[in-house]
Amino acid sequence: TGLAVGMGVGQALLVLLAASATMPEKDPLLNICMDAKHHKTKPGPEGMLHDQCAPWKDNACCTANTSSEAHKDQSNLYNFNWNHCGVMPPKCKRHFIQDTCLYECSPNLGPWIDQVDSSWRRERILHVPLCKEDCEEWWEDCKDYVTCKENWHKGWNWATGTNRCPWGSICRPFSHVFPKPKDLCEKIWSNSYKYTTEHRGSGRCIQMWFDPVQGNPNVVVAKYYAWKKRSSTAWMENVTPETNKAVHTLPWPVLVLLPLALVMVPEGARGCR
């Protein structure tokens, strides 16, 4: 009976160990806000988010005031003027508003947050995989608008306090400045986005546009890429000479209970090898 009790206790401990090893810890890449100019420190519900930012109201990194400013032609958020080469058509502008809402409000961009040395923000997003439809519809609705710059992050003439085209630049159709949807999505904000062939609903790309009634599809996408990033890091640690790194990834209950479990499970119960 002593042997049976020992086996029972030992096996129970091993089950607990397995559970501890698979218990999800809070992932630092998920459900977070970046450290930037207008972002909240933590995501949370907002009673009223304005118009196109409303899909994020249940869990947002933006405030109601930020969401309202995102819809203005001359916003106080960054003093940025969409109409630098004439009036931007509403069908085009709505994509830039949605882009702003995603950037300011989404708590699902953690896997792509990157450190940046800037006077107005400490973090930015880099290479966010944008769904094919979101990118192509953006380009299609804006292709006939005109602009004088390929990268809207830098190089403007700010002499008047708002962005104006640099001296010597020419206003040209979007379709000339950005010949393909990929050019628009990747170049306009210094590679904040990455063009993909993944479709909405695939769980592999971030959607700027979604119906909140169906839930936020970007939650699953962020989880997938956070897992992918962790897996890649773990693999790199496992192949480095410092093999003890892999041990540090085990939760502390596993490290504490493992010797006890192995002692209490008799030799024959541990398998033939």
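Looking at an unreviewed UniProt entry, one finds the protein chain named FOLR1 protein and attributed to Podilymbus podiceps. According to the UniProt record, the Sequence similarities (unreviewed entry) comment for the protein chain is "Belongs to the folate receptor family."

Caption draft 1: Just the pattern of salt bridges, in detail. Overall, the coordinates contain 13 salt bridges when judged by the stated rule. Ionic pairing is found between Arg 200 and Glu 137, a salt bridge with its closest N-O pair at 3.1 Å. A residue pair is termed long-range when its members are at least 10 positions apart, and Arg 200 in the loop between strand E6 (193–195) and helix H7 (218–239) and Glu 137 in helix H4 (residues 132–142) qualify at 63 residues. For Glu 140, the salt bridge identified is with Lys 143, shortest N-O distance 2.8 Å. Look at Glu 140 and you get partly exposed, because its relative accessible area is 39%. One network of salt bridges, with partners in common, ties together Asp 134, Glu 137 and Arg 200.

Caption draft 2: Fine view of the packing of aromatic side chains. By the definition in use, this model includes 19 aromatic pairs. On the basis of an interplanar angle of 90° and a centroid distance of 6.4 Å, the ring pair of Phe 96 and Phe 174 is categorised as edge-to-face. One end of the pair, Phe 96, is in helix H3 (residues 90–105); the other, Phe 174, is in helix H5 (residues 174–177), with 78 residues separating them in the sequence. Their ring planes at 90° and their centres at 6.0 Å tell us that Trp 152 and Trp 189 sit as a pair that is edge-to-face. Linking Trp 152 in the loop between strand E4 (146–147) and strand E5 (172–173) with Trp 189 in the loop between helix H6 (181–187) and E6, this pair joins segments that are 37 residues apart in sequence. Neither Trp 152 nor Trp 189 differs from the other in exposure class; each is buried. Lying over the aromatic face of Trp 156, Lys 149 brings its terminal NZ or CZ to 5.6 Å of the ring centre. Its end group placed over the ring of Tyr 224, Arg 204 keeps NZ or CZ at 3.6 Å from the ring centre.

Thresholds applied
- Residues numbered from 1 in each chain as written.
- Predicted model: local features only at pLDDT ≥ 70, side-chain atom pairs only at ≥ 80, totals over all residues.
- Heavy atoms only, no water.
- UniProt positions renumbered as here; feature names shortened; annotations may be inferred.
- Salt bridge = Lys/Arg side-chain N within 4 Å of Asp/Glu carboxyl O.
- Helix = DSSP H or I, 4+ residues; strand = E, 2+ residues; numbered from the N terminus.
- Buried < 20%, exposed > 50% of the residue type's maximum accessible area, 1.4 Å probe, protein only.
- Phe/Tyr/Trp six-rings, centres within 6.5 Å; stacked < 30°, edge-to-face > 60°.
- Lys NZ or Arg CZ within 6 Å of the ring centre and 35° of its normal.

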